[in-house]
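Observations on the model geometry
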Amino acid sequence: MNQPKLKTTIAVLGCGDVGATLAYTLILQSICSEVILVDPKTTLLEGQVRDLSDATYRGGSGTKIRAGTHKDAGQADIIVITAGAKQKPGESRLSLLSRNLHILSSIFGSMAPISEHAILLLVANPVDILTYFARKMSGLPESQVLGTGTSLDSARLRGILAQKAEVAPNSVDAFVLGEHGESQFIAWSSATIGTTPLRLVIPSHFSSSTFKSEIAAHTRGAAGAIIAAKGCTSYGIGNIAASICKYILYDSRTVRPLSFYQPDLGCCLSMPAVIGRRGIVKAMPIELSETERQELESCARGLRMVIEGAEKELSADKELEKALEVDKGT
Ligand SMILES: NC(=O)c1ccc[n+]([C@@H]2O[C@H](COP(=O)([O-])OP(=O)(O)OC[C@H]3O[C@@H](n4cnc5c(N)ncnc54)[C@H](O)[C@@H]3O)[C@@H](O)[C@H]2O)c1
């Protein structure tokens, strides 16, 4: 007889600053019944599991935490990938590509076979490029592979607009779209507070010639400023990633900008999507102005160029591996 599945498991790969903060948020909010942490730094892993377990003993959390292997992670309901190098102050996200792509490839090698029902959530940077390759390496359907993308940038945008308009952040509907990086752009033409267009709520700000560029610089530069001050960003992204896990497990059908494959653009980047138990339930149409459409296309062009370069690097690696195998055999 088929037993009903009562356990919900989230595997967090990488238990550094981001992975541990995500695990902590999952525990505090009892989002799933089990969190599995995986990290090759075994001393750190053991320490994080013990410390995080202590946070579950006060009695209010329905979540247990344990250390696991990559193989265990492959069978989880949601697999969150925070594993990878992070930016040093002044470094760009794209500069992490080569290192993090190799880590990603080794993760898929160790996790296989992945549960066909798993949802993969990419957090490690450069998140749009890694989401693109995770989709290929995992063999999972496109809808089950997503990246946090500009959801954090959009939260920062909501925060600053809420301050200007003197309303609660969750009353602001405004999205940063495209790359979680330098070429991101704000969909100003569709930004509203309640149902009211932004230009009617804060007319004096909105008509100023520098308002939009200052806000865009704030959202684009926020991570760099935090990294310069404390060496990493963790609370914002930990919270956002935990919310996305909740939308998935609870099949909440929440609309957020997330990075997922865009067939017409040939890359993964952030556009609004409905999130539910199957991952990306559907893309949510958005009307863009002519300028925003151009920004989207230019962003996609840049990402496609990076993908082409990375594909060449991966195939050169495979050729080298093959040559070394032949060499060993002779
Ligand atoms: N998408 C976003 O909005 C966002 C925000 C913040 C950070 N990040 C990214 O998240 C990543 C992690 O950042 P962090 O501050 O936690 O870094 P960190 O260095 O503190 O932690 C990364 C951890 O990954 C582990 N790791 C390496 N290879 C692994 C493997 N094969 N399997 C499992 N774990 C492995 C490392 O041992 C390390 O403990 C970085 O790439 C960073 O740029 C993304």
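Note that the structure is predicted; figures quoted are calculated from it, not measured.

**Some details on helix α10 (residues 235-249)**
- Taking 1.5 Å per residue as the helical rise, α10 with its 15 residues ought to reach 21 Å, and the 21 Å between its terminal C-alpha atoms agrees with that figure.
- Looking only at α10, the buried set comprises I237, G238, I240, A241, A242, S243, I244, C245, K246, Y247 and I248.

**Things to note about the nonpolar core**
- By size, the foremost hydrophobic cluster in this structure holds 90 residues, and its most contacted members are A23, V80, I81, L121 and C245.
- Per-element accounting of this core gives the leading share, 8 residues, to α10.
- Apart from residues lying up to four places away in sequence, V80 is in contact with I10, A11, V12, L13, L22, L121, V123 and A241.

**Re the pairing of strand β5 (residues 119-122)**
- Neither face of β5 is exposed, since I119 and L121 on one face and L120 and L122 on the opposite face are all buried.
- For strand β4 (residues 78-81) and β5, the ladder comprises 4 bridges, and the chain directions are parallel. Bridging across to β5, I78 finds its partner in I119.
- For the segment spanning β4, helix α4 (residues 97-111) and β5, crossover handedness is right-handed.
- In this view, the connection linking β5 to its parallel neighbour strand β6 (residues 145-147) by way of helix α5 (residues 127-138) has right-handed handedness.

Calculation rules
Residues numbered from 1 in each chain as written. Predicted model: local features only at pLDDT ≥ 70, side-chain atom pairs only at ≥ 80, totals over all residues. Helix = DSSP H or I, 4+ residues; strand = E, 2+ residues; numbered from the N terminus. Expected span 1.5 Å × (residues − 1). Buried ≥ 20, exposed ≤ 12 C-beta atoms within 10 Å, placed from the backbone. Core = buried A, V, L, I, M, F, W, Y, C linked by C-beta atoms within 7 Å. Contact = placed C-beta atoms within 7 Å. Pairing = 2+ DSSP bridges. Right-handed = clockwise from strand over helix to strand, strands pointing away.

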